[in-house]
Amino acid sequence: MSNDDRDRGSMEVRARAPGKIILVGEHAVVHGSAAVAAAIDLYTTSSLSLLHEGEDGGAGAVELDLRDSALVFSWPCSSLRRALGEVSGKAGAPTPCSPDELAAIAKLMEGQEIPEAKIWLSAGLSAFLYLYTSILGCRPGKVVVTSDLPIGAGLGSSAAFCVSMSGALLTAAGTVGVGGGSGVEEWELFGKDDLELVNQWAFQGEKIIHGKPSGIDNSVSTFGSMIKFKKGELTNLKSRNPVKMLITDTRVGRNTKALVAGVSERASRHPDAMASVFHAVNSISEELSSIVELAAEDEIAITSKEDKLAELMEMNQGLLQCMGVSHSSIETVLQTTLKYSLVSKLTGAGGGGCVLTLIPTLSANIVLEKVATELESHGFRCFKVEVGGRGLQVCRG
Ligand SMILES: Nc1ncnc2c1ncn2[C@@H]1O[C@H](COP(=O)(O)OP(=O)(O)OP(=O)(O)O)[C@@H](O)[C@H]1O
Ligand SMILES: C[C@@](O)(CCO)CC(=O)[O-]
Ligand SMILES: [Mg+2]
């Protein structure tokens, strides 16, 4: 064992990555339109401890402890080597998961006891095994995952999972954050090149979970802030006034992979009509991007700016209905908030999940409480988030 290896052996790394809201442009962004997204202050945290073979009393295993679901999964290193070969771990840019590798990972899932009601976790487990073994090889280790985010509800839980996991693994591998770490336990931010690399790995993980992601969710989770995203290109937006959003979780479960596939099928049935829908969404996103960057300095300017944002969100919701991704629970939220003259739209993949409601600055507290109480009387869950905060952060213990 090298000194380097010994150092890494004692290492504990925690990485946390935020969820996100999509203000406008979901689904259309998969088809090349612009979209606008922002990080929120709800995080997924991956805590990694590397072990040496024998240190945990056995021949060594890779363990994933999903604290919130109270589920622990474990793969002996010997089984991983048998299924995947002598993977040695990779320092640089990722190689996409090949169909053979994906099939081998699916086989490794067979021995795990995933409760029927949580079968959707298997996509996350596959992404985990791909990221872990590709970055660290088959060496033993434990990762504990905790999250503030509702899973599979449109707030980017899959991206936050992949970004925090990639951040922790690449830090432990010594690939990113080299030279960082003050010796004091505190959250550290990485430089642009390190973040780029984490983002590339997280995108490969998202591909395993989503099928055909645009890359917007992992990008905003990695880099934070508010961004415009189009065809893989990210532009940072300087939001000049705070944007206040109420989030309502309809608690209707859905799956991004299936919804994205459904929109693509509709687009292949009606190519011209759907191209016009995607084009309209692109114009909405471009217009919203320039409006958020305008500085509004008095009450009249703030109200006029928020009215424009609300109208664009309302138009986008109409187009999401055209794409077939709304849901009766989402429509109930829209009708309820409209009674208070508030505009809402679904966020993320739709089909249930979460809805955004723009809260005007001047009436914020008065209206917020009333509308949230009425929404919760329908069995929905409301929460207020800070928008446009930090992306990936890492802490070495
Ligand atoms: N904390 C977690 N632990 C394990 N798996 C997770 C976790 N968070 C997300 N996942 C994986 O991601 C899947 C949910 O991803 P999905 O893309 O469907 O929803 P989302 O990311 O919450 O919403 P959206 O993509 O619309 O923003 C889960 O089924 C699971 O496989
Ligand atoms: C529905 C979608 O546009 C956003 C999911 O948060 C999918 C994607 O862009 O990858
Ligand atoms: Mg997702």
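Calculation criteria
- Residues numbered from 1 in each chain as written.
- Chains lettered and ligands numbered in written order.
- Predicted model: local features only at pLDDT ≥ 70, side-chain atom pairs only at ≥ 80, totals over all residues.
- Heavy atoms only, no water.
- UniProt positions renumbered as here; feature names shortened; annotations may be inferred.
- Near = heavy atom within 4 Å.
- Polar contact = N/O pair within 3.5 Å; in protein donor to acceptor, adjacent residues only side chain to side chain.
- Areas by Shrake-Rupley, 256 points an atom, 1.4 Å probe, with all protein chains shown as cover.
- 1 Å grid on protein atoms, 1.4 Å probe; cavity = no way out; pocket = protein on both sides within 12 Å on 5 of 7 lines; lining within 4 Å.
- Sits in = over half its atoms within 2 Å of the grid points.
- Helix = DSSP H or I, 4+ residues; strand = E, 2+ residues; numbered from the N terminus.
- Nonpolar A, V, L, I, M, F, W, Y, C, P; charged D, E, K, R; others polar.
- Donors = N, O, S within 2.8 Å, 3.2 Å for Na, K, Ca; no water.
- Buried < 20%, exposed > 50% of the residue type's maximum accessible area, 1.4 Å probe, protein only.
- Salt bridge = Lys/Arg side-chain N within 4 Å of Asp/Glu carboxyl O.

The name recorded for the chain in an unreviewed UniProt entry is Mevalonate kinase, from Urochloa decumbens. Taken verbatim from the UniProt record of the chain, the Pathway (unreviewed entry) comment is "Isoprenoid biosynthesis; isopentenyl diphosphate biosynthesis via mevalonate pathway; isopentenyl diphosphate from (R)-mevalonate: step 1/3."

J.: In this structure, what is going on with the site of ligand 1? I would like to understand it.
T.: Inspection of the region around ligand 1 gives 24 residues, with Lys20, Gly156, Ser157, His210 and Arg254 positioned closest. Here His210 contributes a side-chain N or O atom positioned 2.6 Å from an oxygen atom of ligand 1. Contact with the protein chains removes 96% of the 640 Å² of surface that ligand 1 exposes when unbound. Taking a 2 Å distance to the grid points as the criterion, the majority of the atoms of ligand 1 fall inside the largest pocket. At the level of elements, α4 (121-136), α5 (157-172) and α6 (192-210) are the ones that each hand at least two residues to the shell around ligand 1. Partitioned by chemical class, the residues of the shell around ligand 1 number 11 nonpolar, 10 polar and three charged.

J.: So what exactly am I meant to see when it comes to the coordination of the magnesium ion (ligand 3) here?
T.: Ideal coordination angles are 109.5 degrees for a metal with four donors arranged tetrahedrally and 90 or 180 degrees for a metal with six donors arranged octahedrally. Protein ligation of the magnesium ion (ligand 3) involves Ser158 (OG) and His210 (NE2), the donor distances falling in the range 2.2 to 2.3 Å. With a gap of 52 residues between them, Ser158 in helix α5 and His210 in helix α6 connect regions that are remote in the sequence. Neither Ser158 nor His210 differs from the other in exposure class; each is buried.

J.: Looking at this structure, how should I read the pattern of salt bridges?
T.: Oppositely charged side chains are able to pair whenever their charged atoms sit close together. The full count for this structure, using the stated rule, is eight salt bridges. A salt bridge links Lys192 to Glu196, with the shortest nitrogen-to-oxygen separation between them at 3.4 Å. Remark: Glu196 and Lys192 occur in helix α6; sequence separation between them is four residues, near one turn of the helix. Classification of Lys192 by relative accessible area gives exposed; the value is 58%.

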